[in-house]
Amino acid sequence: MSKRRPTAVPWADRDFDRGFSGDDGNDNQQNFEGEAIPMQRLSRDSMSSTFSADTPLMATVADLDHTAELNRHNDEHSFLAQSSAVGRTSPLNPLDNTFKQKYAANVVSNNKYNFLTFLPLVLFEQFRFFFNLYFLLVALSQFVPQLRIGYLLTYVGPLVFVLAVTMAKEWHDDHARRRRDSEANGQKYQRLTATGGRQVIASSKIRVGDFILIEKNQRVPADVVLLRTTESSGACFVRTDQLDGETDWKLRVAVAPTQKLADSAALFGLHGTVYADAPHKDIYSFVGTLRITSSGESSSAVTLPLGVENTMWANTTLASGSAVGYVIYTGRDTRAAMNTGHAKTKVGILDTEVNRLSKILFLVTLILSLAMVALDGFKAVWYVTLFRFLILFSSIIPISLRVNLDMGKSFYSLGIERDREIAGSVVRNSMIPEELGRIEYCLTDKTGTLTCNEMELKRIHMGVMAYTLETSDEVTRHVRHHARSLHHHHQAAESTMTSANSAPADSSGLARAHHGGKARRDMPQRVFDMVESLALCHNVTPAEDDDENNDGGSIHQRMAYQASSPDEVAIVQWTEHVGVVLCERTLSTMTLRLDALGEDDSHAEPPRLVYDILHVFPFTSESKRMGIV
């Protein structure tokens, strides 16, 4: 007989598999309102003890609805009953903060040793090399009366001195790592409180579920979801050079509903949960959701998807404005910590070469010792004589070479940190400073590495025409000529609408006049179209900076641009130079100011063109281009 699958159990139907967590065996059924219902796998014994003979083996839909209703009134810990392999769910404003203790503390720890492991690990790392192991065996041989040659101190003293210098270097490096970790853990941040105030706490006291205020040029202490920024559009920029080595800025966007709140204190009036996927190393991907309920009613819940553009990872730096973030990962669960390997003892090429040469010299001394024993005719206990000759010839391998190398490395490391030409350099490992002298070629595929991310547009080709910085005045003249015709057309349309008792046209009429004609384009219009395209196709955000004039002390508004790519900034600066300025940008609009027309005496205020942003196609390594509609 074939078995029928019971249709009364919703999770037995593949049409309802959207509530399953994945292939890891943790089944978290999700009801029709999106609420998580934790489920457990029951063993044979637990089933026999849980269900009696009168217990029905099939659950009805009414039973499931009743279970969901009971589960809805449980405390907020029910949201946390998910396995770490499938992510984590934390409440926005919990009544009980004990759930924060289940996650890792926000402590940075990069030290390699502790009080108990320092001596054993250092000795193990040193005696892994044949050079040190050889002299250890020679020193130990002097405790055997038949092999003793000369004074014991002459063999033990140099080895102890070498080990002492190495241990001092290792202790100094590890102490510097501890000091840097202590500074990072003790850095002060502001945590928002439910009373509307701000509590100053150390970075190590931050926990999952905290609302943290991050100021400009401040290091992000943990992985957070961006909720609010000082920009009305919710955008901000972060520097990720300490995370992925890229010096360009990355654009981050706050979650729309929380950005629209009146102030940061209104965050504590929200109810809901934040889901984040399990911690992993990939800094370019993130899967999460923000579920906001109204007055605790799940029937009016709104679930918003979260992506990597809504996050700020630990060890990145906020480059613009200030932001409020919700902590989702701390300590060893952060992307930065998971991409940081455990500190290891590094061995340079010079140490490897010295170790190889010492093996060759040992073979030479062994051959010499065998030759001396052979000349003596292998009399009596010849093997004792062989070992005595090996000890005598041990001076061929200079132990002072290792002392000189260690002292030289310490001197080089100290010189690098005190070099005024490279001020701010930090030597994080004093075991391999000599490797810098072996660099012959520097190969890189990063443009910013060679240009220091300072670029300018020098030449632009338009068909058979080419414009350079020297001929930018010609571009400005074409832009002014076409902008003047647009302005006259706009004024004529405005006067016509005014005479017809209609509302006056707005600044967007310039854009309609520009794109409305179907006649053959002349050279000024073609040049203006080219400049307009360059001024629009980018991800640059403008900001006005106050620049004080040295002559009269007057304040002049200068445009500053923020972007994730220096070549985009160079293009926008060139369009500003020819008279088309990007003066304002939001998530939905972009405004260009025609300063080329404002230079005319008849126009005191330069006109503006307003564009609606319908969609942005970001730059990817596959497409090798970006686009905007």
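Residues numbered from 1 in each chain as written. Predicted model: local features only at pLDDT ≥ 70, side-chain atom pairs only at ≥ 80, totals over all residues. Heavy atoms only, no water.

Q: If you had to explain the overall build of the chain to someone new, which residues and values would you point to?
A: Across its full length, the chain carries 17 helices and 24 strands. Expressed as a percentage of its 629 residues, the buried residues of the chain come to 39%. A sequence separation of at least 24 residues applies to 62% of the contacts in the chain between residues at least 6 apart. Entry remark: accessible area of the chain is about 36700 Å², with carbon and sulfur atoms responsible for 56%. (Helix = DSSP H or I, 4+ residues; strand = E, 2+ residues; numbered from the N terminus. Buried < 20%, exposed > 50% of the residue type's maximum accessible area, 1.4 Å probe, protein only. Contact = heavy atoms within 4.5 Å. Areas by Shrake-Rupley, 256 points an atom, 1.4 Å probe, with all protein chains shown as cover.)

Q: Any details on the sheet that holds strand 8 (residues 235-239)? Residues and values, ideally.
A: The strand order across the open sheet built from three strands is 9-8-14, with neighbouring strands paired in antiparallel fashion. Looking along the sheet, the strands with just one partner apiece sit at the ends: strand 9 (249-253) and strand 14 (317-318). Across five bridges, strand 8 lies against strand 9 in antiparallel orientation. Following the sheet pairing, Val238 is matched in strand 9 by Lys250. (Pairing = 2+ DSSP bridges.)

Q: Explain the nonpolar core to me, using residue names and the numbers behind them.
A: As a rule of thumb, nonpolar side chains are buried together in soluble globular proteins. Val475, Val531, Tyr561, Trp574 and Leu592 are the most contacted members of the largest nonpolar core, which totals 33 residues. In terms of residue count, the dominant contributor to this core is helix 15 (residues 523-536) (six residues). Setting aside chain neighbours within four positions, we find Leu592 in contact with Glu532, Ala535, Leu536, Val580, Val581, Leu582, Cys583, Pro607, Arg608, Leu609 and Tyr611. Leu270, Ile283, Leu304 and Tyr329 belong to the second largest nonpolar core, which has 25 residues in total. (Core = buried A, V, L, I, M, F, W, Y, C linked by side-chain atoms within 4.5 Å.)

Q: Describe unusual backbone geometry, listing the residues and the values that go with them.
A: Of note in this structure, Asn315 is not a glycine but carries a positive phi near 75 degrees. Tracing the backbone through its elements, the reader meets Asn315 in the loop between strand 13 (311-312) and strand 14. The partly exposed category is assigned to Asn315, whose relative accessible area is 28%. The backbone of Phe378 sits at a positive phi, close to 50 degrees, despite the residue not being glycine. Mapped onto the secondary structure, Phe378 falls in the loop between helix 9 (349-376) and helix 10 (382-392).

Q: Can you lay out a nonpolar patch on the surface for me, pointing to particular residues and giving the numbers?
A: Taken together, the side chains of Leu357, Ile360, Val364, Leu368 and Ile396 present a nonpolar region at the surface, about 380 Å² in accessible area. In this fold, Ile360 is placed in helix 9. Residue classification places Ile360 among the partly exposed residues on the basis of a relative accessible area of 43%. (Patch = residues over 30% accessible without salt bridge, like charges linked within 9 Å, V, L, I, M, F, W, Y side chains within 5 Å. Salt bridge = Lys/Arg side-chain N within 4 Å of Asp/Glu carboxyl O.)

Q: Account for the packing of helix 3 (residues 118-126) against helix 5 (residues 153-186), naming residues and giving values.
A: Axes are the key here: two packed helices are described by the angle between their axes and the distance separating the axes. The contact between helix 3 and helix 5 brings their axes to 11 Å, and the two run at 120 degrees. Between helix 3 and helix 5, the interaxial angle falls into the category oblique. Where helix 3 crosses over helix 5, the handedness of that crossing is right-handed. Note on element contacts: helix 5 touches helix 3 through Leu163, Thr166, Met167, Glu170 and Trp171, opposite Phe118, Leu119, Val122, Leu123 and Gln126. Residue classes in the contact of helix 3 with helix 5 are distributed as seven nonpolar, two polar and one charged. (Axes fitted to C-alpha atoms, helices over the stretch in contact; angles between N-to-C directions. Parallel < 35°, antiparallel > 145°, perpendicular 65-115°, else oblique. Left-handed = near helix turned anticlockwise from the far one by under 90°. Nonpolar A, V, L, I, M, F, W, Y, C, P; charged D, E, K, R; others polar.)

Q: Any details on the side chain of Glu434? Residues and values, ideally.
A: In this fold, Glu434 is placed in the loop between helix 11 (400-417) and helix 12 (447-451). Glu434 gets classed as buried once you look at its relative accessible area, which sits at 16%. Setting aside its immediate chain neighbours within four residues, Glu434 contacts Gly348, Leu350 and Lys409.

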